[in-house]
Amino acid sequence: MKSYDTTIARRGTDIAGEKEKKKTAGKRLSRQTRENIFGYLFISPWIIGFLGLTLGPLLFSLFASFTDYNITSKMNFIGLDNFKRMFTIDDLFKTSLWNTLYYVLFSVPLTTAGAIFLSVLLNQKIKGMKFFRTLYYLPAILSGVAVYFLWMQLLSPSTGLVNTFLGWFGIEGPAWLFDPEWTKPALLLMKMWSVGGGMLLYLASLQGVSSSMYEAAELDGAGAMQKFFYITLPMISPIIFFDVLTSTIGSFQIFQEAYVMTENGSGGPGNSLLFYNLHMWNNAFEVFDMGYASAMAWLLFIVVMILTVINMKLGKKWVHYEGGDNK
Amino acid sequence: MKTASAPKFYETKKFKEKVKQTIVFTVLLAGSVLILSPLWWMISTSLKSPAEIAQYPPAFIPSEFHFSNYVEAWKTAPFTRWAMNTFFIAFFGMVGSVLVNSLVAYAFAKIRFKGRNSLFMVVLSTMLIPGFVTMVPQYILFSKLGWVNTYLPLIVPAFLGSAFFIFLLRQFMMTIPNELIEAAVLDGANHLQIWWHIMLPLTKPALITVAIFSFNGAWNDLLGPLLYLNDESLYTLQIGLQTFKGTVQTQWHYLMAMSVMVLLPVVLLFFFFQKHFIEGSNIASGTKG
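Residues numbered from 1 in each chain as written. Chains lettered and ligands numbered in written order. Predicted model: local features only at pLDDT ≥ 70, side-chain atom pairs only at ≥ 80, totals over all residues.

*Asks:* Describe the overall build of chain B, naming the residues involved and giving the relevant values.
*Replies:* Across its full length, chain B holds 15 helices and zero strands. Against the globule reference of 19 Å for 289 residues, chain B gives a C-alpha radius of gyration of 25 Å, more extended than a compact globule. Each principal axis of the C-alpha distribution contributes one length, and for chain B these read about 80 × 75 × 35 Å. For chain B, the residues scored as buried account for 42% of the 289 residues in total. (Helix = DSSP H or I, 4+ residues; strand = E, 2+ residues; numbered from the N terminus. Rg over C-alpha atoms; globule rule 2.2 N^0.38 Å. Buried ≥ 20, exposed ≤ 12 C-beta atoms within 10 Å, placed from the backbone.)

Shown next, in the form of structure tokens:
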């Protein structure tokens with residue numbers, strides 16, 4: 001795709017270039033200068049946003065993480081004290097880190113596998129397929145406080161729908177959001193409800209897999225499982241990679257559901273829903289310990305970056321690119 | 001579908017295909033019930049009386065439909081005001097997202113300026129930075145600017161571009177032939193004119209996708225309003241709904257009624273623009289990897 005693009009572009013520039021020489025020879029700005037001016041003019045909103053809302057804040061919080069800044073006071077440099085505090089004094093920090101890792105570790109594989117499974121089912125030729133696709137995608141667009149309230153109601157231990165449903169099979173459902181052992185599985189259950197969001201990505205990619213591959217495999221006597229593991233999975237592996245990468249980053253940021261479902265961010269029973277970002281939020285905006293919150297933010301940034309690099313390194317091993325290119 | 005050597009009917013490919021389709025259909029149907037039942041439960045609860053909600057085993061269909069729950073709940077808090085506030089923020093955010101991101105994407109797709117490719121890599125890499133990392137300093141910045149308790153921190157960033165939307169629109173614009181741009185250049189058009197007269201009309205489907213995603217995102221955002229809005233009169237529906245729970249406590253008929261109302265616009269948007277929700281995912285998936 002890239003090479004195709006540049007050939008056309010080059011051809012285009014050549015033609016335009018020749019004409020221009022005849023027409024304007026030196027009177028106006030050169031074509032490249034004009035391209036530069038327009039280019040930077042057009043992207044200037046993004047540059048302002050990047051400097052002001054991303055790079056600037058990143059650098060500021062790096063600096064603030066070595067201070068005791070609390071918005072009103074002067075910033076006193078306190079070296080690595082904030083980082084020491086995380087691992088020695090602040091027990092809730094460890095809890096929040098553990099809760100977050102637990103959530104990431106389960107939610108990423110579960111949602112990825114769920115979305116792939118669903119997309120394979122929804123890629124069959126069956127009556128009403130369009131209807132099914134719409135229906136399974138619907139929960140993915142519903143989010144926010146209303147959905148969290150809904151799930152608090154669904155997960156109500158005595159009269160909720162989930163435990164009523166389990167009761168039909170003779171299973172006595174847990175107390176979900178009231179039992180520290182079950183609060184995180186409860187959030188995972190809620191997450192699984194909207195697994196249809198990822199499904200769409202995979203569906204688009206599955207439709208790009210040519211049927212001749214499957215036909216050839218069938219001639220060689222491959223069964224359904226073999227076809228799935230040796231053709232389907234490798235062919236959609238770039239999307240799996242992308243999905244794992246982004247949903248890992250996304251899961252680390254779990255906040256809203258925990259904030260709403262634990263009475264304004266109290267962390268739930270036994271602090272079992274005190275996620276990293278919730279703890280950071282409480283430090284920053286409840287007690288205004290901005291220096292400590294900045295240190296937490298940077299640690300999160302480093303952890304996520306390391307995981308991203310690991311993901312990318314591992315990805316090179318298992319991601320299959322058709323023809324050695326992206327597309 | 002051929003029955004060349006006339007095997008028994010259950011050995012034919014057609015039969016196996018039929019069996020497979022039936023199994024898949026059954027699984028999908030069962031799954032549909034699981035997907036839909038929470039939504040149905042929400043509506044059902046919103047129409048029950050408090051006594052019926054507390055009853056065990058729970059009733060699946062309310063014995064009496066209390067539509068008045070909706071009216072009572074709506075009157076309990078300034079929901080009309082909150083709905084208008086939310087719409088205001090979401091609308092301006094949407095306008096900013098569509099105009100600015102398409103302008104930026106146009107430059108990255110079609111203008112051959114110096115340093116374009118490296119800057120585009122920077123755009124992509126910002127997508128990997130967790131938003132929470134910049135949240136605290138952003139708050140400090142906006143509070144020093146005196147923007148706390150105004151809508152500016154919620155609207156202005158939309159006018160400064162979003163990496164995901166830039167990426168999405170740029171991918172879409174890459175599929176538009178460069179000859180079109182070159183021809184316009186030969187006719188003496190500058191890039192601003194080309195963007196406005198050629199690019200915007202041609203990328204309409206992708207722009208609608210961005211508009212919907214942006215509107216939807218603003219509508220569902222709790223974090224931003226939670227951080228920046230203090231006055232109840234400035235609240236959005238999300239934060240309003242959150243405080244509403246403090247008011248009505250565990251009166252689930254009211255909570256569910258208002259939840260239905262808050263989700264309704266999003267559901268309507270989805271059914272009207274289904275194609276564009278799906279298109280957005282397709283553009284993103286066709287090129288990422």
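*Asks:* I'd love a proper account of the overall build of chain A, names of residues and values included.
*Replies:* Along chain A, the regular secondary structure elements total 14 helices and zero strands. Counted over contacts in chain A with a minimum sequence separation of 6, partners at least 24 positions apart contribute 68%. (Contact = placed C-beta atoms within 7 Å.)

*Asks:* Any details on the interface of chain A and chain B? Residues and values, ideally.
*Replies:* How large an interface is tends to be reported as the accessible area lost when its parts come together. Chain A puts 77 residues into the contact, and the matching count from chain B is 84 residues. The element best represented in the side of chain A that touches chain B is helix 2 (residues 31–64) of chain A, accounting for 18 residues. Among the residues forming the side of chain A that touches chain B, the class breakdown is 52 nonpolar, 21 polar and four charged. (Nonpolar A, V, L, I, M, F, W, Y, C, P; charged D, E, K, R; others polar.)

*Asks:* How would you summarise the UniProt feature "transmembrane region" (unreviewed entry) in chain B if you had to cite specific residues and measurements?
*Replies:* All names here are of chain B. Within this structure's numbering, the places UniProt gives as "transmembrane region" (unreviewed entry) are residues 21–43, 87–108, 120–142, 154–173, 194–219 and 252–273. Between the first and last C-alpha atoms of residues 21–43 the distance is 33 Å; the span itself is 100% helix and 0% strand. Secondary structure across residues 252–273 divides into 95% helix and 0% strand, with the first and last C-alpha atoms of the span separated by 31 Å. (UniProt positions renumbered as here; feature names shortened; annotations may be inferred.)

*Asks:* Describe the UniProt feature "domain: ABC transmembrane type-1" (unreviewed entry) in chain A, with residues and values.
*Replies:* UniProt's feature table lists "domain: ABC transmembrane type-1" (unreviewed entry) at residues 97–311 of chain A, given in the numbering used throughout. Structurally, residues 97–311 of chain A is divided into 72% helix and 0% strand, and its ends, taken at the C-alpha atoms, are 20 Å apart.

*Asks:* Can you explain the UniProt feature "domain: ABC transmembrane type-1" (unreviewed entry) in chain B? Please cite residues and give values.
*Replies:* When the UniProt feature table is mapped to this numbering, "domain: ABC transmembrane type-1" (unreviewed entry) covers residues 83–273 of chain B. In the segment residues 83–273 of chain B, helix accounts for 76% and strand for 0%; the C-alpha atoms at its two ends are 21 Å apart.

*Asks:* Give me the lowdown on the domain arrangement of chain A, citing residues and values where you can.
*Replies:* Split by domain assignment, chain A resolves into domain 1 (2–64) and domain 2 (82–324). A C-alpha centroid distance of 38 Å is found between domain 1 of chain A and domain 2 of chain A. (Domains from an automatic or database assignment.)

*Asks:* Please provide a residue-by-residue account of the packing of helix 9 (residues 196–206) of chain A against helix 11 (residues 224–252) of chain A, values included.
*Replies:* Residue and element names in this part refer to chain A. The geometry of helix 9 relative to helix 11 is characterised by a closest axis approach of 9 Å and an angle of 160° between their N-to-C directions. Considering their axes alone, helix 9 and helix 11 lie roughly antiparallel with respect to each other. The handedness of the crossing between helix 9 and helix 11 comes out as right-handed. Where helix 9 approaches helix 11, its residues Gly198, Leu201, Tyr202, Ser205 and Leu206 are matched on the opposing element by Ile236, Ile239 and Asp243. Residues of the contact of helix 9 with helix 11, tallied by class, amount to five nonpolar, two polar and one charged. (Axes fitted to C-alpha atoms, helices over the stretch in contact; angles between N-to-C directions. Parallel < 35°, antiparallel > 145°, perpendicular 65-115°, else oblique. Left-handed = near helix turned anticlockwise from the far one by under 90°.)

*Asks:* Can you explain the nonpolar core? Please cite residues and give values.
*Replies:* The biggest cluster of nonpolar side chains holds 147 residues, and the ones touching the most others in it are Met199 and Phe275 of chain A together with Val104, Tyr106, Ile166 and Leu169 of chain B. Shared between two domains, this core takes at least three residues from each, and those domains are domain 1 (2–64) and domain 2 (82–324) of chain A. Discounting chain neighbours no more than four positions away, the residues touching Ile166 of chain B are Trp46 of chain A together with Asn101, Val104, Ala105, Phe108, Val123 and Gly161 of chain B. (Core = buried A, V, L, I, M, F, W, Y, C linked by C-beta atoms within 7 Å.)

*Asks:* Go over the environment of Phe60 of chain B, please, and point to the residues and values.
*Replies:* Residues and elements named next belong to chain B. Mapped onto the secondary structure, Phe60 falls in the loop between helix 2 (50–54) and helix 3 (68–76). Note on Phe60: 11 C-beta atoms within 10 Å, which makes it exposed. Spatially, the C-alpha atoms of Phe60 and Val33 are 14 Å apart, while their sequence positions differ by 27 residues.

*Asks:* Tell me what's going on with the confidence of the model for chain B, and back it up with residues and numbers.
*Replies:* A residue-level look at chain B finds 94% of positions with pLDDT of 70 or above and a mean pLDDT of 90. Overall fold confidence (pTM) sits at 0.88, and the ipTM for the predicted complex is 0.89. (pLDDT = per-residue confidence, 0-100.)

*Asks:* Mind laying out helix 9 (residues 178–186) of chain B, listing which residues take part and the relevant values?
*Replies:* For helix 9 of chain B, the set of buried residues is Asn178, Ile181, Glu182 and Val185 of chain B. Axial view of helix 9 of chain B: buried residues confined to an arc of 100°, hence all on one face. (Arc of directions from axis to C-beta.)

*Asks:* Describe the packing of helix 4 (residues 91–121) of chain A against helix 13 (residues 276–286) of chain A, listing the residues and the values that go with them.
*Replies:* If you want to describe how two helices pack, look at the angle between their axes and the distance between the axes. Across the interface, helix 4 of chain A lies against helix 13 of chain A with an axial gap of 7 Å and an inter-helix angle of 145°. Across the interface between the two elements, Leu92, Phe93, Ser96, Leu97 and Thr100 of chain A from helix 4 of chain A touch Tyr276, Leu278 and His279 of chain A from helix 13 of chain A.

*Asks:* Outline helix 10 (residues 211–219) of chain A, supporting the account with residue identities and numerical values.
*Replies:* Counting buried positions over the nine residues of helix 10 of chain A gives zero, only a small fraction of the element. Positive backbone phi, approximately 85°, marks Gly221 of chain A, located one or two places after helix 10 of chain A.

*Asks:* Go over the environment of Val156 of chain B with me, naming the residues and quoting the values.
*Replies:* Residue and element names in this part refer to chain B. Looking at the secondary structure, you find Val156 in the loop between helix 7 (152–155) and helix 8 (163–174). The partly exposed category is assigned to Val156, around which 19 C-beta atoms lie within 10 Å. Linking Val156 and Ala189, residues 33 residues apart in sequence, is a C-alpha distance of 30 Å.

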